[in-house]
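Residue strings, one per chain:
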Amino acid sequence: MTFCIITCTYNAVRELPRTLESVRRQSYRNVCHIIIDGKSSDGTAEMAYEYAANATGAHHVEVVSEKDKGLYDAMNKGIMQAKGDYIVFLNAGDTLASDTTLEEIARQLKRLGGEEPPAVIYGNTDIVDEEGFFLRPRRLQPPENLTWKSFIKGMLVCHQAFYARTDLAKETPYNLAYRFSADVDWCIRIMKLAQQKGLQLHNTHTTLCKYLDGGMTVKNHRASLIERFRIMKKHYGLLLTIIVHLWFVIRK
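For the rest of this paragraph, the subject is the environment of D68. On the secondary structure map, D68 appears in the loop between β3 (59-65) and α3 (71-81). Judged by its relative accessible area of 28%, D68 falls in the partly exposed class. Remark: the alpha-carbon pair of D68 and W148, spanning 80 residues in sequence, is separated by 29 Å. The contact partners of D68, leaving out residues within four places of it in the chain, are G38, D73, A74 and K77.

The biggest cluster of nonpolar side chains holds 75 residues, and the ones touching the most others in it are I87, L102, F151, F162, Y163 and W186. Per-element tally for this core: the top contributor is helix α6 (residues 182-196), with nine residues. In this structure, W186 is in contact with I79, I87, F89, H159, F162, A164, A169, T172, P173 and Y174, ignoring residues within four places of it in sequence.

With that settled, consider the environment of L156. Within the secondary structure, L156 is located in the loop between β7 (134-137) and β8 (162-165). As a C-alpha pair, L156 and R18 span 138 residues in sequence and 25 Å in three-dimensional space. Apart from the residues within four sequence positions on either side, L156 is in contact with R138, L140, Q141, P142, P143, S150 and F151.

So, on to the pattern of salt bridges. Proximity of charged atoms lets side chains of opposite charge pair with each other. All chains considered together, the criterion is met by 14 salt bridges. The residue K77 makes a salt bridge to E66 at a minimum N-O spacing of 2.9 Å. Placement of K77 in helix α3 and of E66 in the loop between β3 and α3 is noted, with a sequence separation of eleven residues between them. Two residues, K234 and D185, come together in a salt bridge whose shortest N-O distance is 2.7 Å. Note that K234 is positioned in helix α8 (residues 221-236) and D185 in helix α6, a separation of 49 residues in sequence. Owing to a relative accessible area of 0%, D185 belongs among the buried residues under this scheme. A single salt-bridge network, built from bridges that share partners, covers R14, E130 and E131.

About the thresholds
Residues numbered from 1 in each chain as written. Predicted model: local features only at pLDDT ≥ 70, side-chain atom pairs only at ≥ 80, totals over all residues. Heavy atoms only, no water. Helix = DSSP H or I, 4+ residues; strand = E, 2+ residues; numbered from the N terminus. Buried < 20%, exposed > 50% of the residue type's maximum accessible area, 1.4 Å probe, protein only. Contact = heavy atoms within 4.5 Å. Core = buried A, V, L, I, M, F, W, Y, C linked by side-chain atoms within 4.5 Å. Salt bridge = Lys/Arg side-chain N within 4 Å of Asp/Glu carboxyl O.

Set out below in structure tokens:
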């Protein structure tokens, strides 16, 4: 079992070391770490290349530093380059929950057995500050049994705690028409594809990542909300989307 971790960066020389160290320290060594840098000018790319040069054993690192059309374009580049069984996106400042996170996932998959591995592996998320200190558990929690319909209630699984089978991810690139919430659309489409193929989604019942507070969708909150409405309308229909958003307003 090989995990492919994709890290997209741009001028993240301060945040990136924590992410690289988290991957480097994993007790599970069958890891391909792909770093897609947007031609940074602050030393980020040089740091990534040094990290790659020092990788050992089954811990394989690939670095690409070139201009891109934004975060989701960079993510698509990562998917095209991905190897291994599962991919997960872990961007600069984000970390795996512990040094044994990948080992625990691999152990659970081995216990599952079966001819077809799950389409998606998912779990919980903790929110951390810029220094990596715990702030709080993520407000939205994964449901016991996740399906593509679950996201009508919001993005219940954090992108960084959503491991997709690599073969399915390659069939489902990010839609670059979305600037802030293409990850929501991507997760839904991955889960729809899983349902079409009769594949299971596996709940690890454990915290899988530590997510840096204040990501792109937080910094562009209004635009992100508008875009998410469009995505939900596309997948769930206008009426249900309006009803759910009215419920959000009432609940607040």
